[in-house]
Every structure is written in C-alpha cells, then in structure tokens.
Amino acid sequence: MEVEITFFSFDANDNDVEIKHKLPAVHEVCQRCEGHGTILNPSIGEHCYTAEEFLREFDEDERSEYFTRGGMYDVVCPCCKGNRVVKTVNEEALNASQRKVYAKHLEYLREEERFERIQASERRMGC
Ligand SMILES: [Zn+2]
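A. Focus on the overall build of the protein. Across its full length, the protein carries four helices and five strands. Overall, the protein is about 60 × 45 × 20 Å in size when its C-alpha atoms are taken along their principal axes. Look at the contacts in the protein between residues 6 or more apart in sequence, and 58% of them connect residues 24 or more apart. As presented, the protein carries roughly 9,500 Å² of accessible surface, and 49% of it is formed by carbon and sulfur atoms. Looking at the protein, you have 17 positive and 26 negative side-chain charges, and the mean spots of the two groups are 6 Å apart.

B. Seen up close, the coordination of the zinc ion. Surrounding the zinc ion are the protein donor atoms C30 (SG), C33 (SG), C77 (SG) and C80 (SG), at 2.2 to 2.3 Å. Taken in sequence order, the residues that donate to the zinc ion follow the motif C-x2-C-x43-C-x2-C. On the criterion of sequence distance, the pair formed by C30 in the loop between β2 (16-29) and β3 (38-40) and C77 in the loop between β4 (74-76) and β5 (85-89) is long-range, its members being 47 residues apart.

C. Up close: the nonpolar core. Counting residues in each nonpolar core, the largest one holds ten residues, listed as V3, I5, F7, L23, A25, V89, L94, V101, Y102 and Y108. Where this core is concerned, the elements lending two or more residues are β1 (2-10), β2 and α4 (96-124). Discounting chain neighbours no more than four positions away, the residues touching L94 are L23, P24, V89, R99 and Y102.

D. Looking closely at the side chain of D74. If you trace the backbone, D74 turns up in strand β4. On the basis of relative accessibility, which here comes to 15%, the residue D74 falls in the buried class. One polar contact links D74 to T38, side chain to side chain, over a distance of 3.4 Å. Apart from residues lying up to four places away in sequence, D74 is in contact with T38, I39, L40, N41, T68 and R69.

About the cut-offs
- Residues numbered from 1 in each chain as written.
- Predicted model: local features only at pLDDT ≥ 70, side-chain atom pairs only at ≥ 80, totals over all residues.
- Heavy atoms only, no water.
- Helix = DSSP H or I, 4+ residues; strand = E, 2+ residues; numbered from the N terminus.
- Contact = heavy atoms within 4.5 Å.
- Areas by Shrake-Rupley, 256 points an atom, 1.4 Å probe, with all protein chains shown as cover.
- Lys, Arg positive; Asp, Glu negative; His and termini not counted.
- Charge placed at Lys NZ, Arg CZ, Asp CG, Glu CD.
- Donors = N, O, S within 2.8 Å, 3.2 Å for Na, K, Ca; no water.
- Core = buried A, V, L, I, M, F, W, Y, C linked by side-chain atoms within 4.5 Å.
- Buried < 20%, exposed > 50% of the residue type's maximum accessible area, 1.4 Å probe, protein only.
- Polar contact = N/O pair within 3.5 Å; in protein donor to acceptor, adjacent residues only side chain to side chain.

Structure (structure tokens):
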C-alpha cells in the first residue's frame, strides 16, 4: 500500500515545480471523526449555539440526535469518506531517500500553515 504526497519546490530556474512521491503507507484511525466514519454536519456543528438558542431550536429528541454519533445530523466524514481510517505515510517503513522526501513534505506543510496564519492575522488587522 502506498500513499502519494505532493509538495512544491523550485527547480534550477527558480520555477515552481510540483513534486509527487509515492511512499509506503499505513492505515491510521481518522483524526477528524475519531474513527466513527461520520461527523456532525459542519453546518450545524460549526454554528455556535448559545444554550438558550440550543434549547429553542431543538426539541428533546433532536437534542439527543445532536449528541449521537451516526445520528440524523451526522454526515459521512470528509476525511476518511466513512472508512474510519485514513492512509498515512508509514514513517517506520521509509528508506533514507524517502525519509528526506517526507521531511521536505512536512517542511512544506509547515510553511503553508505559517503562511496561512500570517494571512489570517493580516486580515484581522484589516489589510
Ligand atoms: Zn473520518
């Protein structure tokens, strides 16, 4: 089993190039749904109800559905597509060159994350 990773790097001419690598993979319990295969519908789950609103909007049955895994408000987990597990890079099975590639991939993800955080804080400051 393999998983494909992608990241961007620069070639000798300073052009953005997409680099793809196949690395050995393992199945890991999905973090998003904690292995349930379903998550609370984001349109509901990400709405911040106050306790008062919650009591007004939901009747007793609905309230228990809200807290039930696989209940009527749950949708198939977008990360694992309901498989409960996701394929992830098997770090222990990497050889030396794959390890380097994977390290670059992680570095790239961290850069991306930092970039997004900077953008988000600029937005907050009204840029
Ligand atoms: Zn999942």
